[in-house]
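# A look at the structure
Each chain, written out:
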Number of protein chains: 4
Amino acid sequence: MIGNKGRLGGEVVNLLNEKGHSLVYELDIDGENIKDNPQVLIDCSLPSAFNNTLKTAERFTAPLIVATTGLKEEDIAKLKELSNKIPIVQSFNFSVGVQVLLKLTDMANEILKDWDVEITETHHRFKKDKPSGTALMIKEKLGSKPVQVSSLRLGNVAGDHTVTFGGLGETLSITHHAISRRTFAEGILKSAEFLLTKKNGFYSFKEVIFGNS
Amino acid sequence: MIGNKGRLGGEVVNLLNEKGHSLVYELDIDGENIKDNPQVLIDCSLPSAFNNTLKTAERFTAPLIVATTGLKEEDIAKLKELSNKIPIVQSFNFSVGVQVLLKLTDMANEILKDWDVEITETHHRFKKDKPSGTALMIKEKLGSKPVQVSSLRLGNVAGDHTVTFGGLGETLSITHHAISRRTFAEGILKSAEFLLTKKNGFYSFKEVIFGNS
Amino acid sequence: MIGNKGRLGGEVVNLLNEKGHSLVYELDIDGENIKDNPQVLIDCSLPSAFNNTLKTAERFTAPLIVATTGLKEEDIAKLKELSNKIPIVQSFNFSVGVQVLLKLTDMANEILKDWDVEITETHHRFKKDKPSGTALMIKEKLGSKPVQVSSLRLGNVAGDHTVTFGGLGETLSITHHAISRRTFAEGILKSAEFLLTKKNGFYSFKEVIFGNS
Amino acid sequence: MIGNKGRLGGEVVNLLNEKGHSLVYELDIDGENIKDNPQVLIDCSLPSAFNNTLKTAERFTAPLIVATTGLKEEDIAKLKELSNKIPIVQSFNFSVGVQVLLKLTDMANEILKDWDVEITETHHRFKKDKPSGTALMIKEKLGSKPVQVSSLRLGNVAGDHTVTFGGLGETLSITHHAISRRTFAEGILKSAEFLLTKKNGFYSFKEVIFGNS
């Protein structure tokens, strides 16, 4: 675990314990704690720690899951290069429902070509990046249309995303609502199981859920 | 026009006038008013007038659009029989957005097999049938799952439909919101243009929008 | 009527006709059309025409209703001065529901002092000002709290406003949804009736609805 | 604690531990476990265990908090009688936001007398009572109006309640959304602190939050 003391990291640690997995490696802002070589590395840290993550992954040559949000294009490029040496799953959102949201957005956008589109996302007041990584994934699905993202920060909301298409006379919205961070932790664990069976390469969470098509 | 004095009928009449079409036949609770043989018959009446609609369509052998909601299975069966003699488009909802809602529901349901599902619909307080015909179309897409439909009646809401899938840890909703009855009138006009080019047969509004696939 | 060819102006004209009032004065971008001295002046124009509105009101010394949005503080100051000579109702929103939304926002804000707050508004793609005048009225109710307004522009949505309070563990939202511009036209007509009984002075739509408290 | 192994009971136990309180009495379907006389009794059980709760409270003469939902009028009557001997707080919902929702509903209902009203509530699929106790509290605020409650059961939703008022031309909704059961546990703890300072009597959670007015 890298970033095991953050909100998401803590949730992953809880789930690992619950499922009987052992945490043999910890790296956080306070330093490193090694008990054994990890079978899989899970990164839930911040963009500022990203270069450390890369080094750690190279050192252990263990499969890597990157759940950090706020990464830039050049960070993703470095991950893709590293994926020649180890299998990597990277996603800004590890929930099944968000994968479905992305699929539906894609399909709706294809049919409703000339409708307006707006994205809204709401997260807890402590979230550091804005807009959320998931909102950016949705935006990417909408192609070259000019799309505004409205980011709300409220209390400790786990994470809501809405994409709304507006025509003359009607609107169509798709909304995903995360009830707890547990959802993401389960997606990360599912990705870990997926990676144990995979060759080197760069995988999306979409591939973890829907396969390689 | 059959049922030209209802809410939806009035909207269709307005749109026809605006587009320069002439209304040559009217049939309502107050009786009949014929100026000429109609090119297309549009039915926006109530289930109680349905047998009259069938007779009128047979008499003129004009293409028929049926927008009446609250029809029963045996009514639809009669329409299908009549479609051997004239081309017919029948739908409980003539909006493009609702067609997309149905497609997305289908796709989401296929992936989220073990999630719970709920349908909610809201309409104006004067709506006679409950649940709405559109809610029934959504329910049909969800197959054999037990699905509850909650029907709300509020003020003069034009028509909202939401289908929500609920998993452990997240929910995913698709919502259609009709801004005005004009949307439906435009779908009906589009269907009229479609029918003028078609042979006898029973067509859905989905075929008007997406073609025959 | 000033600005009778805009979206809202047209709706007001329709309602006046329906109720048997006669339109004796029109002023729009194309010029003036006087049949008689107006009993009440209704302004649904744009901020750019505001100085013309003031001159016209002085000329007729008729009670004035100002429904134009996007006015600045100095414009309001001029109106207040003019209200020494004629009775004036000014509001950025003439719906009863919005007045209730403002009242509820006030009360919720008083209790939920340390919760986060966010405002969202959605309007048709043709709306010129951003954020909406109503969103600014809501913001004013929230006092000195830092509050973000997210403005969405979609199809021909008549006007939605949501204010959400977010605490640790829960959120509370109040949403107003305008179904058609008719609602605003009715509020304007109600204000006209109100003004016919009033002395010179500057009145809010809140006073039209709830009286002078 | 009575009912400490249920969903809500477990959350209360966690919070008590976290705050350094000790759990000296447990009563659940598996029997009783006494370490000491409790200072306060907290009941998060089911209606079927209600008579046991009453007996336990009499036995210890400790202040009692009743958070069980699905109680009937006669159960409440028994509680009121018992409150001659011990101080009692009873509520179907221990969140601050819900108390505000109830207040706002009251105020909106007073102004929007002739508008339609609908209540919707969504909870996790395991919730036993339907409609929720909170929905019934909202309904009570709406007086003698005929009000429908739509109950949705989806995944593990913590608890959402919406009351919508619908007029001709607009709607106004108030929505409360519980993010986690923790919110309720905190309200229960707050009630426990409140009770330690109170004489015998029957108190609502509204009194815990807003005082005795």
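Because the structure is a prediction, the values reported are computed rather than measured. Residues take numbers from 1 onward in each chain, read along the sequence in its written order. Key to labels: chains lettered from A, ligands numbered from 1, both in the order written. For a predicted model such as this one, the threshold for reporting local features is a pLDDT of at least 70, and the threshold for listing and counting side-chain atom pairs is 80 or more; totals across whole chains, interfaces and linings nevertheless cover every residue.

## Examining the overall build of chain A
Note the cut-off: Only runs of H or I of at least four residues qualify as helices and only runs of E of at least two qualify as strands under DSSP, and these elements are numbered from the N terminus. The size measure is the radius of gyration over C-alpha atoms, and the globule rule it meets is 2.2 Å times the number of residues to the 0.38 power. Working definition of burial: number of other C-beta atoms within 10 Å of the residue's own, with buried at 20 or more, exposed at 12 or fewer, and partly exposed in between, all C-beta atoms being placed from the backbone. Contact criterion: two residues are in contact if their C-beta atoms, reconstructed from the backbone, are within 7 Å.
Counting its secondary structure elements, chain A contains 7 helices and 10 strands. Rg of the C-alpha trace for chain A: 18 Å, near the compact-globule value of 17 Å for 213 residues, within the 12% margin. Seen through its principal axes, chain A has C-alpha atoms that stretch 60 × 40 × 30 Å. Out of the 213 residues in chain A, the part that is buried amounts to 48%. Considering only intrachain contacts with a sequence separation of at least 6, the fraction spanning at least 24 residues in chain A is 68%.

## Topic: the relation of the copies chain C and chain A
Which entries qualify depends on this criterion: Overlaid copies result from least-squares superposition on C-alpha atoms, with residues included only where pLDDT is at least 70 in both.
Rotating chain C by 180° and moving it 0.0 Å along the rotation axis overlays it on chain A with an RMSD of 0.0 Å. What the rotation and shift describe, once combined, is the action of a two-fold rotation axis. By C-alpha distance to the rotation axis, the residue of chain C lying nearest is Ser150(C), at 2.9 Å. In this assembly, 100% of the residues forming the interface of chain C have copies in chain A that are likewise at the interface, indicating an isologous arrangement.

## Comments concerning the packing of helix α1 (residues 7-18) of chain D against helix α6 (residues 182-195) of chain D
All names here are of chain D. Heads up, the condition is: Lines fitted to the C-alpha atoms define the axes, with helices restricted to the stretch that makes contact. Angles between their N-to-C directions range from 0 to 180 degrees. A clockwise turn of the near helix away from the far one marks a right-handed crossing, whereas an anticlockwise turn of less than a right angle marks a left-handed crossing. Each residue gets one label: Ala, Val, Leu, Ile, Met, Phe, Trp, Tyr, Cys and Pro are nonpolar, Asp, Glu, Lys and Arg are charged, and the others, such as Gly, are polar.
Close contact between α1 and α6 brings their axes to 9 Å; oriented N to C, the two are set at 65°. In terms of crossing hand, the pair formed by α1 and α6 is right-handed. Contacts from Leu8, Glu11, Val12 and Leu15 in α1 reach Arg182, Phe184, Ala185, Glu186, Ile188 and Leu189 in α6. Of the residues that constitute the contact of α1 with α6, the class distribution is 7 nonpolar, no polar and 3 charged.

## Examining the confidence of the model for chain A
Note the threshold: Per-residue confidence from the predictor is reported as pLDDT, which spans 0 to 100.
Here chain A averages 93 in pLDDT, while 99% of its residues score no lower than 70. Per the prediction output, this complex has pTM 0.87; the corresponding ipTM is 0.84.

## Details of the sheet that holds strand β4 (residues 64-66) of chain C
All names here are of chain C. Using the following cut-off: Two strands make a pair as long as DSSP finds a minimum of two bridges between them.
Read from one edge to the other, the open sheet built from 4 strands follows the order β3-β4-β5-β10, with strand pairing classed as parallel. Each end of this open sheet is capped by a strand with a single partner; those strands are β3 (41-43) and β10 (201-204). The average angle at which neighbouring strand axes cross in this sheet is 20°, direction not considered. As paired elements, strand β5 (residues 87-90) and β10 share 4 bridges and run parallel to each other.

## Some points on the interface of chain C and chain A
Listed by partner, the interface residues are 18 residues for chain C and 18 residues for chain A. Those elements that provide at least two residues to the side of chain C that touches chain A are β6 (116-123), β7 (148-153) and β8 (160-167) of chain C. Grouping the constituent residues of the side of chain C that touches chain A by class yields 5 nonpolar, 9 polar and 4 charged.

## Considerations on the interface of chain A and chain B
Tallying the contact residues gives 26 residues for chain A and 26 residues for chain B. Mapped onto the side of chain A that touches chain B, the elements with two or more residues apiece are α4 (96-111), β9 (170-178) and α6 (182-195) of chain A. The element that contributes the greatest number of residues to the side of chain A that touches chain B is β9(A), accounting for 9 residues. Each residue belonging to the side of chain A that touches chain B can be placed in one class, and the counts come to 11 nonpolar, 11 polar and 4 charged. Pairing geometry for β9(A) and strand β9 (residues 170-178) of chain B, over 9 bridges, is antiparallel.

## As for the domain arrangement of chain A
Residues and elements named next belong to chain A. Keep this limit in mind: Domain delimitation in this document rests on an assignment produced automatically or drawn from a domain database.
When its domains are assigned, chain A resolves into domain 1 (7-94 + 182-210) and domain 2 (96-177). On a C-alpha basis, the centres of domain 1 and domain 2 stand 25 Å from each other. Between domain 1 and domain 2, the residue contacts involve 9 residues of the former and 10 residues of the latter. Among the elements that take part in the side of domain 1 that touches domain 2, helix α7 (residues 205-210) stands out by supplying 3 residues, more than any other. Of the residues that constitute the side of domain 1 that touches domain 2, the class distribution is 4 nonpolar, 4 polar and 1 charged.

## What to know about the packing of helix α2 (residues 50-60) of chain D against helix α3 (residues 73-82) of chain D
Residue and element names in this part refer to chain D. Just so we agree on the cut-off: Oblique is the label for any angle not covered by the other classes, which are roughly parallel (under 35 degrees), roughly antiparallel (over 145) and roughly perpendicular (65 to 115).
Contact geometry for α2 and α3: axes closest at 11 Å, N-to-C directions at 0°. With respect to α3, the axis of α2 lies roughly parallel. Contacts between α2 and α3 pair Phe50, Leu54, Ala57 and Glu58 from the former with Asp75, Lys78 and Leu82 from the latter. Of the residues in the contact of α2 with α3, the class split is 4 nonpolar, no polar and 3 charged.

## Considerations on the sheet that holds strand β10 (residues 201-203) of chain D
All names here are of chain D. Pairing in this open sheet of 4 strands is parallel, and the strands run β3-β4-β5-β10 from one edge to the other. Lying at the two open borders of the sheet, with one neighbouring strand each, are β3 (41-43) and β10. In this sheet, neighbouring strand axes are inclined to one another by 15° on average, regardless of whether the strands run parallel or antiparallel. When β3 meets strand β4 (residues 64-66), the two strands line up parallel, connected through 3 bridges. Paired with leucine 41 across the two strands is leucine 64, which belongs to β4.

## Observations concerning helix α2 (residues 50-60) of chain C
Turn by turn, an α-helix covers 3.6 residues, leaving residues three or four places apart pointing in a common direction. Residues and elements named next belong to chain C. Note the following rule: What the arc describes is the spread of directions from the helix axis to the C-beta atoms.
Inspection of α2 places Phe50, Thr53 and Ala57 among the buried residues, and these make up the whole buried set. Looking straight down α2, one finds its buried side chains confined to an arc of 50°; they lie on one side. Relative to its buried face, α2 has exposed residues pointing more than 90 degrees away, namely Asn51, Lys55 and Arg59. The secondary structure elements touched by the buried residues of α2 are β3, β4 and α3 (73-82). Among the residues trailing α2, threonine 61 stands out with phi positive, at a value near 40°.

## Points about the pairing of β6(C)
Residues and elements named next belong to chain C. As a reminder, the rule being used: We call a crossover right-handed when, viewed with the strands running away from us, the connection from the first strand over the helix to the second turns clockwise.
The buried count for β6 comes to 8 of 8 residues, which makes it a mostly enclosed element. Of the two faces of β6, the one carrying Asp116, Glu118, Thr120 and Thr122 and the one carrying Val117, Ile119, Glu121 and His123 are both buried. Sheet analysis places β6 next to β8, joined by 7 bridges and oriented antiparallel. The residue of β8 that forms the bridge with glutamate 118 is threonine 164. Of the strand pairs in this sheet, β6 and β7 are connected by 6 bridges, and their pairing is parallel. Across the sheet, threonine 122 pairs through a bridge with leucine 152, a residue of β7. Taken together, β6, helix α5 (residues 133-141) and β7 form a β-α-β motif whose crossover is right-handed.

## What to know about the environment of Leu102(B)
All names here are of chain B. Structurally, leucine 102 can be placed in helix α4 (residues 96-111). Distance from leucine 102 to methionine 137, taken between C-alpha atoms, is 7.7 Å for residues 35 residues apart in sequence. Look past the residues within four positions of leucine 102 in its chain and what remains in contact with it is Met137, Ile138 and Lys141.

## Digging into unusual backbone geometry
The omega angle of the peptide bond from Lys130(C) to Pro131(C) is 0°, so this bond is cis rather than trans. One can find Pro131(C) in the loop between β6 and α5. You will see that Thr61(B), though not glycine, has its phi angle at about 40°, which is positive. Inspection of the secondary structure puts Thr61(B) in the loop between α2 (50-60) and β4 (64-66).

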